[in-house]
Structure formats: structure tokens, C-alpha cells
Amino acid sequence: MMAGLMESGCIPFTQVPQTSALYRDFLYDFAQVARFYLHNPFEAASFAAAAKQIAPEASRWSAVAAVLAEQNRGWGAGADVQENIARLRDGRTLAVVTGQQVGLFGGPCYSVYKALTAIHLAQLLTAAGTPAVPVFWLASEDHDFAEVNHCLLLDARDQQLAMKDEASHADGLPVGRVKLGASIEALRQQVMGLWPRESAAEAEELLSGYAPGASYADAFARLFARLFAGHGLIILNPAHAELHRLSAPLFRRVVEEAAPLQAAIVERDRELERAGYHAQVHPRENATLLFASVNGRRVPLRRRGSNFQLTGQGELEPRALLAQLEAEPENFSANVLLRPVMQDWLLPTVAYVAGPHEAAYFAQASVLYERLLGRMPVIVPRTSLTLVPPRVQRLLAKYKLTVADCWHAPRHLATRLAERRLPRAAVRRLERAQARLEKLLAETGEAAAALDPTLRGAVETSRRKMAYQLEKIRRKAARARAEREAIIGRHTEVLAHWLYPERDLQERRVSFLSFVARHGRVLVERLLGKVKHPCRDHQVVFL
């Protein structure tokens with residue numbers, strides 16, 4: 001098969017490694033999980049139903065739009081984004097939302113694929129008569145810095161380039177507020193080096209936000225504003241004080257109803273387990289849905305009997321806690337299950353684009369939607385892609401492999417390649433021929449000696465010469481085999497780096513910038529044309 005003839009295709013998630021039972025049923029047997037969600041993402045009527053449930057909140061949406069206009073202007077977003085923000089403000093346009101942590105240099109590919117899916121779905125809904133715009137929610141209030149301070153790229157030699165930012169930060173500080181240090185400049189130069197010299201200006205523009213003193217949230221937002229320029233992607237950083245002020249009524253209810261909300265989550269977890277699924281989040285018995293900022297650290301708010309407890313502040317009566325919340329709402333933030341509810345409190349969300357793990361979050365969070373909002377958006381699976389560069393295409397064709405064949409440990413993959421390319425049968429024939437010749441020479445020597453004992457020396461000399469020549473052939477064959485094995489080793493490494501890096505899907509590990517560096521920012525437009533809805537499968541795209 002010639003590389004140029006290879007076509008994109010789909011692989012069912014039933015064949016994709018590490019796919020949970022919940023996500024498989026979500027994709028292929030939705031009836032099994034329907035009680036955990038409000039809408040079926042594969043039925044067109046679901047979006048109209050979700051849209052009808054959204055009650056107008058003109059003043060709140062207008063205030064959110066003002067924040068969005070300010071934030072996106074600061075990140076250098078174009079007129080297309082400001083026009084979409086104005087549409088949100090007018091109250092007649094809905095939001096297709098997605099989001100991700102603010103990973104170094106954009107994090108793994110799936111961050112980009114979420115945005116692509118949101119853009120595509122918003123276009124489809126608008127064309128079908130439900131005006132919608134795409135919004136990307138930065139998970140900037142998470143506080144696990146180790147989850148965002150690294151990324152994996154692939155260089156021109158198909159070698160892995162593992163990057164890690166060693167910026168100092170206070171433990172528990174929201175990651176979106178962590179500042180890039182002086183060391184970021186060396187990392188940025190390494191990434192820019194992936195672009196060919198003639199494309200240096202594009203690299204400079206895309207990565208300009210990664211500068212000493214910039215926050216993780218701002219750097220990520222600037223990168224995405226440039227990657228998706230012209231596509232109207234609105235970016236939202238929830239850490240803005242005004243957004244917390246607008247969310248204060250929601251937070252107040254969470255405090256007032258802490259015990260029944262926790263009980264509802266615990267019961268939902270049991271329902272999931274009884275159905276044979278897993279809960280993505282296992283909250284403590286005394287947990288609440290909120291975090292609070294204490295001396296700059298994000299710490300969980302816990303229940304203690306009828307009171308509440310914050311690290312470093314002892315116990316707080318509900319009235320005292322609510323007074324703090326009223327006075328300083330910016331010091332409170334949502335946990336992973338409340339975050340989508342906060343998002344849809346602030347936005348007229350008709351659909352949320354989720355990855356496999358988030359689908360499990362929403363199966364739990366749906367009880368919060370029911371109690372706190374009385375509605376829930378359609379949860380739509382994000383586009384899932386493996387991108388195959390030309391060199392990798394050629395290797396797949398050479399060894400007659402599929403992408404799924406490469407979703408194995410490197411040792412297993414190397415064996416597969418060897419089976420297809422090493423002439424083991426020829427090696428075995430050579431070994432058998434050598435054994436037969438040794439036996440024949442021994443028999444010949446015995447027969448000759450029986451006829452004339454003086455021939456024994458001549459036969460032995462001939463035997464040594466032939467054995468020498470045969471060993472010479474065997475050594476040459478061994479060298480040829482070793483060279484082929486070395487080639488197979490290199491080819492195994494290339495395939496593993498691109499298609500199963502760190503024994504995981506490419507989209508979960510490799511930075512999208514690895515591909516933009518080779519194919520240019522136009523790749524975003526090209527992949528947008530590959531996004532399908534509805535789509536249940538993992539797609540393979542040959543570049």
C-alpha cells in the first residue's frame with residue numbers, strides 16, 4: 001500500500017485501550033446510562049430540548065459578556081471573538097462549552113480537539129436554527145501544578161522532547177496564577193526550534209505568551225487565541241472576581257444545602273457501582289463542593305457536624321461562613337463536580353464537549369444539576385484523533401500494520417515488526433544446511449579413511465575449509481540480521497513515539513505543537529473539516 005493512498009478511518013472505542021465501561025456504553029448503548037444524563041447526544045432533538053430549558057438571565061449574561069470582552073481583548077482575540085461575545089450578550093445566542101487545564105504549551109492534543117469539536121458543533125447548531133457560539137473554559141482554579149507544568153513534543157528526528165517547567169510556586173496556589181519564570185525562555189526556544197526556519201515568524205507569534213512573568217492561564221489563553229484565530233472561540237478564565245461575585249448565589253446554596261447535596265452524590269456513586277460503572281470522584285464523607293483561599297492556598301471546605309472547617313481557621317458556623325462568602329466571593333471556588341454547574345450558571349450552555357473522564361464526572365454531577373439548576377446541557381463526546389505523519393504512514397505500509405496494531409508495549413510491537421520483516425525461515429534453513437553438511441563431511445571422512453587411512457588428513461583439511469566458508473556465510477547472515485533488527489528497533493521507536501507514546505493514546509500525551517510545527521497553523525482548519533457529529537469512534541487522520 002502506498003502512503004499517498006492511505007485514507008483516514010475510524011476505530012471503535014471498543015478497540016481503544018483504557019476505555020471505561022461507562023464511556024463505551026455512553027457511546028454505543030446510551031440506554032444503559034441514560035438515567036445518569038438528561039439528554040442523548042446522538043439525537044438531534046436533544047439540543048432543542050436543552051435549549052428550551054434555559055431560562056433567560058439577561059443581567060447575568062450581560063455581566064459575564066463584559067468580563068469575556070475584557071479578557072479576550074487582553075489576550076489579543078480578533079473581531080470574530082468580540083462579535084460572538086456580543087451575541088451572547090443579546091440573550092438570543094447559546095453557548096457550546098468545553099474546557100481543560102492550562103497545560104504547558106497547550107497541554108496534550110485533546111485540548112485542541114475539544115475546541116475543534118465545540119467550534120464545529122456551534123456551527124451546526126447555528127445552521128439548524130439554534131444560534132450558538134463556542135466557549136473554552138480554562139480550568140485555571142485547579143491547584144495541582146504537577147498536572148500542568150510539563151508537555152511532550154516530538155522533534156524532526158521523531159525523538160521525544162519531554163519538557164518540564166520548574167517554576168517556583170506556593171503549594172496549593174491555583175495553577176492559573178502561577179507565574180512563568182526566567183527558565184521558560186529556554187523552553188520556548190526549544191519549542192520554536194521545531195519549526196523550519198522559514199516558519200519562524202509563525203512560531204514566534206504562537207508562543208509569544210510564554211514569557212517570564214506571564215501566568216499559566218494567560219499564556220495558554222494567548223496560544224489558543226492565536227491557534228483558533230478566525231473561528232470565534234471565546235476563552236473564559238473563571239478566576240475573575242466578577243465571575244465569582246455572579247456565582248455567589250450558587251455558592252450560597254451549596255453551603256446551605258451541603259449535607260443533602262453530599263448525600264445525593266454518595267447515592268449516585270452507589271448507583272454507578274451497582275450498574276457496573278466507576279465513579280470518577282470519590283469525595284470524603286465530610287466534604288463539600290467548595291474550596292476556599294486561605295493565605296493564598298486553595299484548601300477544601302469541609303463539614304464538621306452542623307458547622308464548617310477551613311484549614312488554618314478552625315470551625316465556622318454557617319452564618320459566619322456565609323458572611324465571608326458574601327463579603328469575599330472571589331476567595332471561594334468550585335470543586336471538580338460543581339465546576340460544570342458554575343459554568344452553566346454563568347453561561348446559557350446548550351451543550352458541553354467532554355472527554356471520556358469528564359463523561360464520568362457528568363454522570364455524578366447530574367444530581368447537582370437537577371437540584372441546583374433544574375437543567376443540564378447535552379454532554380457531547382469530543383472528537384478523538386490520532387494524527388499520522390507521512391514518515392509514520394510509510395512505516396505502517398512497509399510492515400502492513402494499522403494504527404491499532406501499534407497500541408501495544410514496544411516489546412510486543414518490535415516482535416510484530418520482526419515477524420513481518422526478518423526472514424526467520426531463511427535463518428532456520430541455513431542452520432539446518434550447516435548441520436547436514438557437518439554430518440555429510442563426517443560420513444565422508446569415515447568412508448574415505450576406510451578405503452585409505454592416508455586420506456583422513458586430506459578429508460579433515462577439506463572439512464575445515466568448507467566449515468570456514470560456511471561459518472563466514474553464517475557470520476555475514478548474522479550481521480545482516482543484526483542490521484535488520486537495529487532498523488526494526490528504530491522503526492519500533494518511531495511508531496511508539498507517534499502512535500503509543502508512554503503507552504497511551506497520542507492525543508493524551510503529545511502536544512499539538514508537534515504537528516503545527518510540521519504542517520503550520522493551517523492544520524487547525526484542515527482538522528476542523530475532519531470533525532464529525534455525531535461521531536462515536538476514534539478517528540485516524542493521515543496527514
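Everything discussed here concerns the structure shown above.
Residues numbered from 1 in each chain as written. Predicted model: local features only at pLDDT ≥ 70, side-chain atom pairs only at ≥ 80, totals over all residues. Heavy atoms only, no water.

It is worth spelling out the pattern of salt bridges at this point. The full count for this structure, using the stated rule, is 21 salt bridges. Asp142 is paired through a salt bridge with Arg339; the nearest N and O atoms lie 2.9 Å apart. Placement of Asp142 in the loop between strand E3 (132–138) and strand E4 (150–154) and of Arg339 in helix H12 (residues 339–346) is noted, with a sequence separation of 197 residues between them. The class of Asp142 is buried, set by a relative accessible area of 18%. (Salt bridge = Lys/Arg side-chain N within 4 Å of Asp/Glu carboxyl O. Helix = DSSP H or I, 4+ residues; strand = E, 2+ residues; numbered from the N terminus. Buried < 20%, exposed > 50% of the residue type's maximum accessible area, 1.4 Å probe, protein only.)

Now for the packing of helix H5 (residues 109–127) against helix H8 (residues 216–227). Each pair of packed helices can be summarised by the angle the axes make with each other and by the distance between the axes. One can describe the packing of H5 onto H8 by two numbers: an axis separation of 12 Å at closest approach and a directional angle of 50°. Taken together, the axes of H5 and H8 are oblique relative to one another. The chirality of how H5 crosses H8 is right-handed. Across the interface between the two elements, Ser111, Val112 and Ala115 of H5 pack against Phe220, Phe224 and Leu227 of H8. Partitioned by chemical class, the residues of the contact of H5 with H8 number 5 nonpolar, 1 polar and no charged. (Axes fitted to C-alpha atoms, helices over the stretch in contact; angles between N-to-C directions. Parallel < 35°, antiparallel > 145°, perpendicular 65-115°, else oblique. Left-handed = near helix turned anticlockwise from the far one by under 90°. Contact = heavy atoms within 4.5 Å. Nonpolar A, V, L, I, M, F, W, Y, C, P; charged D, E, K, R; others polar.)

A cis amide bond links His533 to the next residue, Pro534, at an omega of -5°. Here Asn295, not a glycine, exhibits a phi torsion of approximately 55°, which is positive. You can see Asn295 is positioned in the loop between strand E7 (287–294) and strand E8 (297–304). In this structure, Lys400 takes a positive phi of about 55° despite not being glycine. Checked against the element boundaries, Lys400 lands in the loop between helix H14 (390–399) and helix H15 (410–421). Residue Lys400 is classed as exposed on the basis of its relative accessible area, which comes to 66%.

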